[in-house]
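# Structure assessment
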Amino acid sequence: MSGSREPKDVVAVTGELISTRRVGAFVAHTFVAAGIAELARPGQLVSLAVGDDASAIVTRRALPLRSVTPSGTYGGTVEVVVDPDADAGSAWLAARRLHDEVSILGPLGRGFPIPTNPVPVVVAAVGAGAASTVWLVETLRRAGCQVPRVVIGGEDERRLLGVIEARRLVGSVTTVVPDAGAGEDLAYRVQVALDATLRQHETALVYASGDVTSLAAITAAAQRHSVPVQAAFGVPMPCGTGLCRACALPVANAAGEVTPVRCCTEGPVLPADRMAWAQLLEVSA
């Protein structure tokens, strides 16, 4: 498989905001980011500076790339999806207006590894983690992989991201929201949907993205069918450069020894079967 990048490929730019729009509960921003757009792969991140002289917030947010355009009228551009309800820093970023400039660092981390030989795969994504789903599916199809179905989950209908675009590419998209009446939360519902998908379709690999709880449920469903999972972990990444180590995830090696792995640099895409899930879920609770 191919898909990772070396640290030397990281570029720092000042990106001008040239397009902004509401996408359900989210905000999609497109920035001019020549150099980053040419290098980026699905699943990778960009780190955006948050806050200015008029703000009490001075930090960064690491966000998955929704899409890139290596060339065009403005040169290279990148699109990110911001959840304005996530925290004060994300709300500040979502409120940026056309022609505002933001410091951008990227592409960061390990993207989704793409099979070198065509295989059937399934994609499952939850919430803002679904940002790169369409780009990933396009990349997989160019590599000759069959993508019989995509599962997209959200806390409500407004948080189902990329459904229309995915249907244009795949045709078969399962959407999932919690069922409060039945006492079924989002993670459980996604797990049930993926389990049904894997019973119906021969699958060599599951690509997943979302929060820790959802990824744990996705991994459990895939393990019942002996299907490996490459998962993009949506956890808070305060710096996006690996310096603060606040996004460390517990990962087990072949000997079962657990070591911390920085999500923003060694991730965000990691083999789900290597995660120390009990430890990770306890920390995330």
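### Looking at the pairing of strand β6 (residues 101-108)
Of all 8 residues in β6, 6 are buried, a share of seventy percent or more. Here strand β1 (residues 11-23) pairs with β6 via 6 bridges, running antiparallel. Bridging across to β6, glycine 15 finds its partner in valine 102. When strand β3 (residues 45-50) meets β6, the two strands line up antiparallel, connected through 3 bridges. Bridged to leucine 45 within β6 is leucine 108.

### Side note on the pairing of strand β13 (residues 258-262)
As defined by bridge partners, strand β12 (residues 248-252) adjoins β13 across 5 bridges and the pair is classed as antiparallel. Paired with valine 251 across the bridge in β13 is threonine 259. Where β12 folds back onto β13 in an antiparallel hairpin, the turn is made up of 5 residues, including glycine 256, whose phi is positive at roughly 85 degrees.

### As for the sheet that holds strand β11 (residues 229-233)
Taken in spatial order, the 6 strands make up an open sheet running β9-β8-β7-β10-β11-β14, and their pairing is mixed. What marks the edges here is a single partner per strand, and that holds for β9 (173-176) and β14 (269-271). Recorded for the sheet is a direction-independent mean angle of 15 degrees between the axes of neighbouring strands. One ladder, built from 5 bridges, connects strand β10 (residues 205-210) with β11; its direction is parallel. Paired with glycine 210 across the strands is phenylalanine 233, a residue of β11. Strand contacts of helix α3 (residues 133-142): β7 (121-126), β8 (150-153) and β10, with the helix running at about 170 degrees to β7, the strand carrying the most contacts.

### Details of the environment of leucine 194
Counting through the fold element by element, leucine 194 comes out in helix α5 (residues 186-200). Look at leucine 194 and you get buried, because its relative accessible area is 0%. Taking the C-alpha atoms as reference points, leucine 194 and alanine 217, 23 residues apart in sequence, are found 9.3 Å from one another. Setting aside chain neighbours within four positions, we find leucine 194 in contact with Val122, Val206, Ile218 and Ala221.

### Focus: the nonpolar core
In this structure, Val206, Phe233 and Trp277 are the most contacted members of the largest nonpolar core, which totals 39 residues. Elements with a contribution of two residues or more to this core: β6, β7, α5, β10, α6 (212-224), β11, β12 and α7 (277-284). In terms of residue count, α6 provides more of this core than any other element does, 6 residues in total. Apart from the residues lying within four places of it in its own chain, the contact partners of phenylalanine 233 are Gly210, Val212, Leu215, Leu249, Cys263, Pro268, Leu270, Met275, Trp277 and Leu280.

### Side note on the packing of aromatic side chains
Evaluated as defined, the whole model comprises 2 aromatic pairs. Aromatic side chains phenylalanine 112 and tyrosine 207 sit 5.6 Å apart centroid to centroid with 80 degrees between the ring planes, which places their arrangement in the edge-to-face category. Taken together, the residues span a long stretch of sequence, with phenylalanine 112 in the loop between β6 and β7 and tyrosine 207 in strand β10 at a distance of 95 residues. Each member of the pair, phenylalanine 112 as well as tyrosine 207, carries the same accessibility label: buried. In this structure, arginine 96 packs its charged tip against the face of tryptophan 92, placed 3.8 Å from the ring centre.

The rules behind the values
- By convention here, each chain's residues receive numbers from 1 onward along its written sequence.
- Reporting in this predicted model follows two pLDDT cut-offs: at least 70 for local features of residues, and 80 or more for side-chain atom pairs to be given and counted; totals over whole chains, interfaces and linings ignore these cut-offs and use all residues.
- The side-chain figures draw on all heavy atoms in the structure; neither hydrogens nor water molecules are used.
- In this scheme, a residue with accessible area under 20% of its type's maximum is buried, one over 50% is exposed, and one in between is partly exposed, where area comes from a 1.4 Å probe on protein chains only.
- Helix numbers and strand numbers start at the N terminus; a helix is a DSSP run of H or I with at least 4 residues, a strand a run of E with at least 2.
- Strand pairing is defined by DSSP finding a minimum of two bridges between the two strands.
- Axes, fitted as lines to C-alpha atoms, cover a helix only where it is in contact. Angles between the N-to-C directions of the axes lie from 0 to 180 degrees.
- The criterion used for residue contact is that any of the two residues' heavy atoms lie within 4.5 Å.
- The criterion is simple. A nonpolar core is a set of buried Ala, Val, Leu, Ile, Met, Phe, Trp, Tyr and Cys residues joined through side-chain atoms within 4.5 Å.
- Geometry of aromatic contacts follows a simple scheme: Phe, Tyr and Trp rings, the Trp one being its six-membered ring, pair when their centres are within 6.5 Å, and the pair is stacked under 30 degrees between planes, edge-to-face over 60, tilted otherwise.
- Cation placement over rings: the criterion is NZ of Lys or CZ of Arg within 6 Å of the ring centroid and within 35° of the ring normal.

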